[in-house]
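Structural features, examined
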Amino acid sequence: CPYDPNNLVVPELEEFTIVPEKKALFQEIKENKLAASIIETRDIINALFSASHGEKLLLLDQERNLLDFFKSAKNEEEYFHRVASLGQTARNINASILRKLLGETDTTNGSVALLDKFLTSKGKQNKDITDILKHVGYIRKGYPIHGDNIKDVLVGYKYFKLKYPVEYFENTWTTLLNKYLLALKQLYEIFASI
């Protein structure tokens, strides 16, 4: 057919659909060094604490919570599921051994408050650690776990300088994991120095 410049496609006016690569779970696990670092640091903290006190400090009710650290959070449903796992794991601290070590009889203090008292008793108080754990718990109080306790949820997101409601699920999830890892690394440094 004869050449007609009007039939040419102008790239600036075209729309293209790019479908992101869907990775298999084993590939996500293989590539996720953040989750692996969290698990390794938890294990080292437990080894150090157990060597001194005969019990683990960081407990885990369900192993599959750790698997969620390897998974992405591409949408609202995945994000809230991951936050529930993080909140449960981050705040599952062995309160009974801390009460025993502190001689604490008041059972109204939660595990994060007991950890703060324990670190203070060792002269190693670190509000960054306990604040991160506390605020992860605040974020977990959101829907669907606790029906959106909005006051605490907003305080939690504000502490981490994150926008609420969440728009960028993957970025927010990665930020929370990095903050949790930061708390763990600081806790490791304390136990390594004691």
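Small disclaimer: the values here were computed from a predicted structure and weren't measured.

**Looking at the packing of aromatic side chains**
One pass over the structure, following the stated rule, counts 9 aromatic pairs. Measuring from centroid to centroid gives 6.4 Å for Phe69 and Trp173, while their planes differ by 50°, and the two rings are tilted. One end of the pair, Phe69, is in helix α3 (residues 64-70); the other, Trp173, is in helix α9 (residues 169-193), with 104 residues separating them in the sequence. The class for Trp173 is buried, based on a relative accessible area of 1%. A ring pair is formed by Tyr79 and Phe80, whose centres lie 5.2 Å apart and whose planes are at 70°; its orientation type is edge-to-face. Exposure remark for Phe80: the relative accessible area of 18% places this residue in the buried category.

**Observations concerning the environment of Ala95**
Tracing the backbone shows Ala95 in helix α5 (residues 95-102). Distance in space between the C-alpha atoms of Ala95 and Thr107 is 9.2 Å, their sequence separation being 12 residues.

**Quick word on the environment of Ile129**
Along the chain, Ile129 falls in helix α7 (residues 127-140). Judged by its relative accessible area of 1%, Ile129 falls in the buried class. Note: C-alpha distance between Ile129 and Leu181 (52 residues apart in sequence) is 9.9 Å. Look past the residues within four positions of Ile129 in its chain and what remains in contact with it is Leu115, Leu119, Ala183, Gln186, Leu187 and Ile190.

**What about the packing of α7 against α9?**
The geometry of α7 relative to α9 is characterised by a closest axis approach of 9 Å and an angle of 150° between their N-to-C directions. For α7 against α9, the interelement crossing comes out left-handed. Residue-level inspection shows Asp128, Ile129, Ile132, Leu133 and Ile139 of α7 in contact with α9, the latter providing Leu176, Lys179, Tyr180, Leu182, Ala183, Gln186, Leu187 and Ile190. Here the contact of α7 with α9 is composed, by residue class, of 10 nonpolar, 1 polar and 2 charged.

Calculation notes
Residues numbered from 1 in each chain as written. Predicted model: local features only at pLDDT ≥ 70, side-chain atom pairs only at ≥ 80, totals over all residues. Heavy atoms only, no water. Phe/Tyr/Trp six-rings, centres within 6.5 Å; stacked < 30°, edge-to-face > 60°. Helix = DSSP H or I, 4+ residues; strand = E, 2+ residues; numbered from the N terminus. Buried < 20%, exposed > 50% of the residue type's maximum accessible area, 1.4 Å probe, protein only. Contact = heavy atoms within 4.5 Å. Axes fitted to C-alpha atoms, helices over the stretch in contact; angles between N-to-C directions. Left-handed = near helix turned anticlockwise from the far one by under 90°. Nonpolar A, V, L, I, M, F, W, Y, C, P; charged D, E, K, R; others polar.

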